[in-house]
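# A closer look at the structure
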Amino acid sequence: MTQWQDRWAVGEAHERRVAAALRARGWTVHPCGQGTYPPAVRDALRQTRSALRQFPDLIAARGTDLVTIDAKDRMPSTDTDRYAVSTDTVNAGLLFTAAHAPTPLYYVFGDLKVLPPAEVVHYAAHALRHRSGAFHLVRTERAHRFDEVFGSAGTAAAA
C-alpha cells in the first residue's frame, strides 16, 4: 500500500464512524467528495490545487436541518493537545461555507469533537502558529462535543 492509500483507509474508517454516530442521532447520511469519485478523477484531483480536493466527505439531513461534514482523523498533535488543520483545507472550507450558506460545514476530528472552519481561523489567530504556516493549530479544548452539535444518541427515536 502507498502512503496515500494508508491515509485513505484511515480516513474512510473515520468517515464510517462519523456516519454511524450521526445515524444514531437521527441523521440521514450520504457520502460525497473525493471518496465517491472514480479512481481517474481522484488521481487527477491529487495533481491539482483545486478546492474540490477539500470537498466535504459527508452530507446529512435531519428534518429540515442540513449539514456537511469533513471527517478529520489523526489530527490532534500527540504532544501539544492541538488540532492541525491544513491552511488549504480551511481556506476551501471557508469558500464552501460562503458558497453554500446557510448549510454549515463541520470538521469532525478523530476524538469526535467538532469545529467549523471559521472557528478554526478564529482560534488559530490567537494561538501558536505552525512554523511552516501550512497548518492552523487549534487547542482541542476549543472544539465542541459531538452531542452539542448533532444531538445525543437516541435522538433517532425522538425524531
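Residues numbered from 1 in each chain as written. Predicted model: local features only at pLDDT ≥ 70, side-chain atom pairs only at ≥ 80, totals over all residues. Heavy atoms only, no water.

### A few points about the nonpolar core
Rules: We define the nonpolar core as a collection of buried residues of types Ala, Val, Leu, Ile, Met, Phe, Trp, Tyr and Cys that are connected through side-chain atoms lying within 4.5 Å of one another. Burial here depends on accessible area, computed with a 1.4 Å probe over protein chains only, as a share of the maximum for the residue type. Under 20% is buried, over 50% is exposed, and the range in between is partly exposed. Comment: elements are numbered from the N terminus, with helices defined as DSSP H or I runs of at least four residues and strands as E runs of at least two. In this description, contact between two residues means that some pair of their heavy atoms is separated by no more than 4.5 Å.
In terms of nonpolar packing, the biggest core is built from 16 residues, with Val18, Leu22, Ile69, Phe146 and Phe150 touching the most fellow members. For this core, the secondary structure elements donating two or more residues are helix H1 (3-23), strand E2 (58-62), strand E3 (65-72), strand E5 (105-109) and helix H5 (146-150). Sort the elements by how many residues they give to this core and H1 lands first, with 4 residues. The residues contacting leucine 22, other than those within four sequence positions of it, are Trp27, Val29, Ala60, Ile69, Phe146 and Phe150. Formed by 13 residues, the second largest nonpolar core is a distinct cluster that contains Val90, Ala124, Val138 and Ala143.

### Observations concerning the packing of helix H3 (residues 87-99) against helix H4 (residues 117-125)
Heads up, the rule is: Axes here refer to lines fitted to C-alpha atoms; in helices the fit is confined to the stretch in contact. Angles between the N-to-C directions go from 0 to 180 degrees. Orientation categories follow fixed angle ranges, with anything under 35 degrees roughly parallel, anything over 145 roughly antiparallel, 65 to 115 roughly perpendicular, and all other angles oblique. By convention, the crossing between two helices is left-handed when the near helix turns anticlockwise from the far helix through less than a right angle, and right-handed when the turn is clockwise. Each residue gets one of three labels, nonpolar for Ala, Val, Leu, Ile, Met, Phe, Trp, Tyr, Cys and Pro, charged for Asp, Glu, Lys and Arg, and polar for the others, Gly among them.
Packing of H3 against H4 brings their axes to within 8 Å, and their N-to-C directions diverge by 135°. Comparing their axes, H4 and H3 come out oblique. Helix-helix and strand crossings are classified by hand; for H3 and H4 the assignment is left-handed. Across the interface between the two elements, Val90, Gly93, Leu94 and Thr97 of H3 pack against Pro117, Ala118, Val120 and Val121 of H4. Split into classes, the residues belonging to the contact of H3 with H4 amount to 6 nonpolar, 2 polar and no charged.

### Structural notes on the packing of aromatic side chains
The condition that has to hold: Only Phe, Tyr and Trp rings are paired, with Trp represented by its six-membered ring, and only when their centres lie within 6.5 Å; those with planes under 30 degrees apart are stacked, over 60 edge-to-face, the remainder tilted.
A full pass over the atoms with the stated rule returns 5 aromatic pairs. Between tryptophan 27 and phenylalanine 150, the ring centres sit 6.0 Å apart and the planes meet at 85°, which makes this aromatic pair edge-to-face. Within this pair, whereas tryptophan 27 is found in the loop between H1 and strand E1 (28-31), its partner phenylalanine 150 is found in helix H5, the two being separated by 123 residues in sequence. For the pair phenylalanine 146 and phenylalanine 150, a centre-to-centre distance of 4.7 Å together with 45° between the ring planes defines the contact as tilted. You can see phenylalanine 146 and its partner phenylalanine 150 sitting in helix H5, 4 residues apart, about one turn around the helix. Given a relative accessible area of 5%, phenylalanine 146 falls into the buried group. With a relative accessible area of 0%, phenylalanine 150 lands in the buried category.

### Some remarks on the side chain of arginine 25
Which entries qualify depends on this criterion: Contacts described as polar in this section are N or O atom pairs within 3.5 Å, which, within protein, must combine one atom able to donate a hydrogen with one able to accept it, while residues neighboring in sequence count only if both atoms come from side chains.
Within the fold, arginine 25 resides in the loop between H1 and E1. Within polar-contact distance, the side chain of arginine 25 engages the backbone oxygen of alanine 21 at 2.7 Å. Among the polar contacts made by the side chain of arginine 25, one reaches the main-chain carbonyl oxygen of glycine 151 at a distance of 2.9 Å.

### Digging into the pattern of salt bridges
Rules: Just to be clear on terms, a salt bridge is a Lys or Arg side-chain nitrogen sitting within 4 Å of an Asp or Glu carboxyl oxygen.
What the rule picks out here adds up to 7 salt bridges. Arginine 16 is paired through a salt bridge with glutamate 12; the nearest N and O atoms lie 3.9 Å apart. Placement of the pair is arginine 16 and glutamate 12 together in helix H1, with a separation of 4 residues, close to one helical turn. On the accessibility criterion, arginine 16 (52% relative accessible area) is exposed. Ionic pairing is found between arginine 49 and aspartate 88, a salt bridge with its closest N-O pair at 3.8 Å. Here arginine 49, found in the loop between helix H2 (39-46) and E2, pairs with aspartate 88, found in helix H3; they are 39 residues apart in sequence, far enough to count as distant. Arginine 49 sits in the exposed class, given a relative accessible area of 74%.

### Here's the deal with the sheet that holds strand E8 (residues 144-145)
Put simply, the test is: In this scheme, strands are said to pair when DSSP sees at least two bridges between them.
If you trace the 6 strands from one edge of the open sheet to the other, you get E1-E2-E3-E5-E6-E8, paired in mixed fashion. The outermost strands of the open sheet, each flanked by one partner alone, are E1 and E8. Across 5 bridges, E3 lies against E5 in parallel orientation. Along E5, the bridge assignment pairs alanine 71 with valine 108. Strand contacts of H3: E3 and E5, with the helix running at about 145° to E5, the strand carrying the most contacts. Those strands touched by H4 are E5, strand E6 (113-115) and E8, and its axis lies near 85° from that of E6.

No statement about biological role is implied by the geometric values presented.
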